[in-house]
Amino acid sequence: MKSGTRIYRLVLSPDNLLQQVQARIDELQKAIDFLQVQLDKAPEGVLYGSRSHTKWQWQRKLNSERTYLSGRHVQLIRSLAQKKYNALVLDNLKHQRDVLDGLLEAYHPQNGEAIYASMPIEWRNEIVPLNIPDEDYAEQWQNLNYRRKLVENTGFLTAKGEYVRSKSEIIIADTLNNLGVPYRYEYPHELLAEEKTHRVKVLSDFTCLNIRTRKEIVWEHFGIMDNPDYAQNAVSKIELYENSGYFPGDNLIFTMETLDKPLNSGIVRQLVKKYLI
């Protein structure tokens, strides 16, 4: 973009519609399978009901023959009524599933990233894209300069060649790196203090980026939770995050360990896949 050009940008949020649609299709299919099993178990015949004067009468149609059902057929009436309901719901759910299947085939979301990436660099230099491609966004996010607290040669070196403060932090850092999740080590955040009268600067262990959603998620690891003073400080730190709008399962991940219960690398990998990919 030439200097002096005023930049206007409207940024579309990441499109997660297809993931939501697929999740809904999977949910519908489970319900369809369940209803089909119930219908297969249902008694034969079709239930009919009509009012005769002030009395409601039930009939069962089986092989073109109708039979009146009396009060001693309560269970059969209920089973056939449920069968009718299940069949109607089954048809409706199948229709919903088919419509969504068609949407999956026809809808190809993109916010202009692929178009921008396909253009020659000379053109891209003159354009303000609606959204930049994920890889460019991640690169810009990762390359942000910030003042870091110097970590001396601790002996704990990650695959990226940076020193961290424990073996467990190596596990977290290397898992993030191996799965392609950008992160900043000990990135400073200003959190609202318990009294909510001032802010406290906190160096979060890892500030991670979910590239797909472009959402930042903080990861804190508490390494010696069998130490009472350390555990108390950990609880206080979690409260600082919660005061500032960080909540586990949303934009905050925390792991912990004790001497007898070290960090489980498998759990770390599961957390990364669940919240950061």
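Provided above is the structure to which this section pertains.
Fair warning: this is a prediction, and the values are worked out from it, not measured in the lab.

Some remarks on the pairing of strand β5 (residues 199-210)
Judged from the nine bridges that link them, strand β4 (residues 183-192) and β5 form a sheet pairing that is antiparallel. Within β5, the position partnered with Leu-191 by the bridge is Val-200. Linking β4 back to β5 in an antiparallel pair, the connection comprises six residues, with Lys-196 at a positive phi of about 60°. As defined by bridge partners, β5 adjoins strand β6 (residues 215-222) across five bridges and the pair is classed as antiparallel. Bridge pairing in β6 links Cys-208 to Ile-217. Two successive antiparallel strands, β5 and β6, enclose a turn made up of four residues, where Arg-214 displays a positive phi of approximately 60°.

What about the packing of helix α6 (residues 167-178) against helix α8 (residues 265-275)?
Where α6 contacts α8, the axes come no closer than 10 Å and their chain directions differ by 40°. One way to sum up the angle between α6 and α8 is to call them oblique. Between α6 and α8 lies a crossing of right-handed hand. Contacts between α6 and α8 involve Ile-171, Ile-172, Thr-175 and Leu-176 on the former and, on the latter, Ser-265, Val-268, Arg-269 and Val-272. For the contact of α6 with α8, the class distribution of residues is five nonpolar, two polar and one charged.

Observations regarding the sheet that holds β5
In space, the four strands of this open sheet follow the order β4-β5-β6-β7, with mixed pairing throughout. In this open sheet, the two edge strands, each paired with only one partner strand, are β4 and β7 (252-256). When the angles between neighbouring strand axes are averaged without regard to direction, this sheet yields 40°. Contacts between helix α5 (residues 134-142) and the sheet are confined to β4, β5 and β6, with β5 contributing the most and set at about 150° to the helix. Sheet strands touched by helix α7 (residues 228-243): β4, β5, β6 and β7. Its angle to β6, the strand with the most contacts, is close to 165°.

Some remarks on the nonpolar core
Within the largest apolar cluster, 19 residues are counted, with the highest numbers of intra-cluster contacts made by Leu-176, Phe-206, Cys-208, Trp-219 and Leu-276. Secondary structure elements with two or more residues in this core: α6, β4, β5, β6 and α8. In terms of residue count, α6 provides more of this core than any other element does, four residues in total. When residues no more than four places from it in sequence are discounted, the contact partners of Leu-276 are Leu-176, Val-181, Cys-208, Leu-209, Asn-210, Ile-217, Trp-219, Ile-253 and Leu-271. Formed by nine residues, the second largest nonpolar core is a distinct cluster that contains Leu-28, Leu-90, Leu-93 and Leu-100.

Examining the sheet that holds strand β2 (residues 55-62)
Pairing is antiparallel across the open sheet formed by three strands, whose spatial order is β1-β2-β3. The open sheet has two edge strands, β1 (46-52) and β3 (65-69), and neither has a second partner. Taking the axes of each pair of neighbouring strands and ignoring which way they run, one obtains an average angle of 30° across the sheet. Relative to β2, β1 is paired through seven bridges, and the arrangement is antiparallel. Bridge pairing in β2 links Arg-51 to Trp-56.

Focus: helix α1 (residues 17-41)
The terminal C-alpha atoms of α1, which comprises 25 residues, lie 36 Å apart, in line with the 36 Å expected from a rise of 1.5 Å per residue. Here α1 has its buried residues at Val-21, Ile-25, Leu-28, Ile-32, Leu-35 and Leu-39. Buried-residue contacts for α1 involve α2 (74-106).

Quick look at the pattern of salt bridges
Per the counting criterion, the structure on display carries eight salt bridges. When the shortest N-O distance is used, the salt bridge between Glu-162 and Arg-148 registers 3.8 Å. Of this pair, Glu-162 sits in the loop between α5 and α6 while Arg-148 sits in the loop between α5 and α6, placing them 14 residues apart in sequence. A relative accessible area of 13% means that Glu-162 is categorised as buried. For Arg-148, a relative accessible area of 38% gives the class partly exposed. As a salt-bridge pair, Lys-215 and Asp-250 come within 2.4 Å of each other at their nearest N and O atoms. Highlighted residues: Lys-215 in strand β6 and Asp-250 in the loop between α7 and β7, separated in sequence by 35 residues.

Rules used throughout
- Sequence order sets the numbering: in each chain, residues are counted from 1 along the sequence as written.
- Reporting of local features is limited, given that this is a predicted model, to residues whose pLDDT is at least 70; pairs of side-chain atoms are given and counted only at 80 or more, and all residues count toward the totals for whole chains, interfaces and linings.
- For side-chain calculations, the full set of non-hydrogen atoms in the structure is used, while hydrogens and water are omitted.
- At least two bridges found by DSSP between two strands is the condition for calling them paired.
- Each helix is a run of DSSP H or I of at least 4 residues and each strand a run of E of at least 2, with the numbering of both proceeding from the N terminus.
- Lines fitted to C-alpha atoms define the axes here, with helix axes fitted over just the stretch in contact, and angles between the N-to-C directions of these axes take values from 0 to 180 degrees.
- Put simply, angles under 35 degrees are roughly parallel, angles over 145 are roughly antiparallel, angles from 65 to 115 are roughly perpendicular, and the rest are oblique.
- In this scheme the handedness of a crossing depends on how the near helix is turned from the far one: anticlockwise by less than a right angle means left-handed, clockwise means right-handed.
- In this description, contact between two residues means that some pair of their heavy atoms is separated by no more than 4.5 Å.
- For this scheme, ten residues count as nonpolar: Ala, Val, Leu, Ile, Met, Phe, Trp, Tyr, Cys and Pro. Four count as charged, namely Asp, Glu, Lys and Arg, and the remainder, Gly too, count as polar.
- We call a set of buried residues a nonpolar core when its members are Ala, Val, Leu, Ile, Met, Phe, Trp, Tyr or Cys and they connect through side-chain atoms within 4.5 Å of each other.
- Buried means the residue's accessible area, taken with a 1.4 Å probe over protein chains only, is under 20% of the maximum for its type, while exposed means over 50%, and partly exposed covers the values in between.
- Each residue after the first adds 1.5 Å to the expected span of a helix.
- By convention in these notes, a salt bridge is any Lys or Arg side-chain nitrogen within 4 Å of a carboxyl oxygen on Asp or Glu.

Read these as spatial facts, not as claims about activity.
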